[in-house]
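Take a look at the letters that make up each chain.
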Amino acid sequence: MVTTREVLRQGALKGLSGFLWMAKIIVPVSYGTALLAWTGVLDVITALLKPLMHHLGLPAIGAVPLIVGGLTSVYGGIAAMSVLPFTSGEMILLANFILICHNMIQETIIQSQSGIRAWKAVLVRVAAAVATVYVLQFFLGTTPQNVASEAMPQAASQSFMDMTLTWMVATGKLCLKIFGIIMGIMIVLETAKARNWIEWIVKAVRPLLRVMGLSHRVGVLWMTAVAFGLAYGGAVIVEEAKNAALTRRELEALHLSIGVNHSMVEDPMLFLPLGLPPFWLWVPRLVTAVCITWCLSLGTYLLSSRARSMSRSSS
């Protein structure tokens, strides 16, 4: 049996490795975003996307963290958010979009290798992100008629050195907070794996799987994605999907669910240093995932009913 000391050491090493990987993304992305804002380049970029952002209850500059997060990761999205002027409500909307639509290239490849077509995974995640944010804006009061932070930072309103110093202080504080969160998460997850808590948790969440419209047979895969994400748990998900005797319907429902609702431990916690309420980071995409799987079940039922009716009428 692995000793507690060894578990803590492995968790700390993985936490440090994860933080260094994160820092390689968040530091250059946040500084690049700060430079674009300081030079005024963002004015040009965001003008083209202003109509779409308006319908989502966001200012035009909201497009920047959405694009960065979608192409890179949650860390990249946070980096862009941290140096731009958003209200608390706008940051909640951005966080939910990024939590659903991030690291799309890598995660789509993983999903396409373990049970779902790439185009379907991308289409559902993007549609789910847009729908979630569109609905949330009315709960948060950030409606298209009440967008508070349209003002962009004025180009060269600060000297280059002042801008850089401001960025260094803000990014340093953010990185310290994220370091503490990642270290804690990795130690807890390493302990859970060493003590075989994952299997026990899977049994405990079977009722939740039914509520989410998922088969109990996908429990391990679902738990892997929820705990470790699609990128970190990718190898496990691909191998288990190959070895498990799952139907196409079970795999498709699983992937549509975890595409929206994965890495439920780490990713939402990364937004807490921005001062966002936990409820709005965990609950909305869980509800969206439930809606997606039940809509899939309803669609499957209607199609099968139609097929049976046509079969009876033809005979």
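In this report, the structure presented in the accompanying data block is examined.

### So, the packing of aromatic side chains
Working step 1: Enumeration according to the criterion identifies 5 aromatic pairs in this entry.
Working step 2: For the ring pair Tyr 134 and Phe 138, a centre distance of 5.3 Å and an interplane angle of 80 degrees mean the geometry is edge-to-face. Highlighted residues: Tyr 134 and Phe 138, both in helix α7 (residues 118-140), separated by 4 residues, approximately one helical turn.
Working step 3: When its relative accessible area of 42% is taken as the criterion, Tyr 134 is described as partly exposed.
Working step 4: Between Phe 279 and Trp 280, the ring centres sit 5.0 Å apart and the planes meet at 90 degrees, which makes this aromatic pair edge-to-face.

### Overview of the pattern of salt bridges
Working step 1: All chains considered together, the criterion is met by 4 salt bridges.
Working step 2: Of the charged contacts, one joins Glu 6 and Arg 9 as a salt bridge, the two residues approaching to 3.0 Å between their closest N and O atoms. Taken as a pair, Glu 6 and Arg 9 lie in helix α1 (residues 4-39) at a separation of 3 residues, close to a single helical turn.
Working step 3: Given a relative accessible area of 28%, Glu 6 falls into the partly exposed group.
Working step 4: Using a relative accessible area of 44% as the deciding quantity, one classes Arg 9 as partly exposed.
Working step 5: The salt bridge involving Arg 125 is made with Glu 107; its shortest N-O contact spans 3.0 Å. Residue Arg 125 is located in helix α7, and its partner Glu 107 is located in helix α6 (residues 104-112); the two are separated by 18 residues in the primary sequence.

### A few points about the nonpolar core
Working step 1: Ranked by internal contacts, the top residues of the largest apolar core, which has 80 residues, are Ile 78, Trp 222, Leu 270, Phe 271, Leu 274 and Leu 276.
Working step 2: Ranked by the residues each element gives to this core, the list is headed by helix α5 (residues 88-100), at 9 residues.

So, how was this worked out
- Residues numbered from 1 in each chain as written.
- Predicted model: local features only at pLDDT ≥ 70, side-chain atom pairs only at ≥ 80, totals over all residues.
- Heavy atoms only, no water.
- Phe/Tyr/Trp six-rings, centres within 6.5 Å; stacked < 30°, edge-to-face > 60°.
- Helix = DSSP H or I, 4+ residues; strand = E, 2+ residues; numbered from the N terminus.
- Buried < 20%, exposed > 50% of the residue type's maximum accessible area, 1.4 Å probe, protein only.
- Salt bridge = Lys/Arg side-chain N within 4 Å of Asp/Glu carboxyl O.
- Core = buried A, V, L, I, M, F, W, Y, C linked by side-chain atoms within 4.5 Å.

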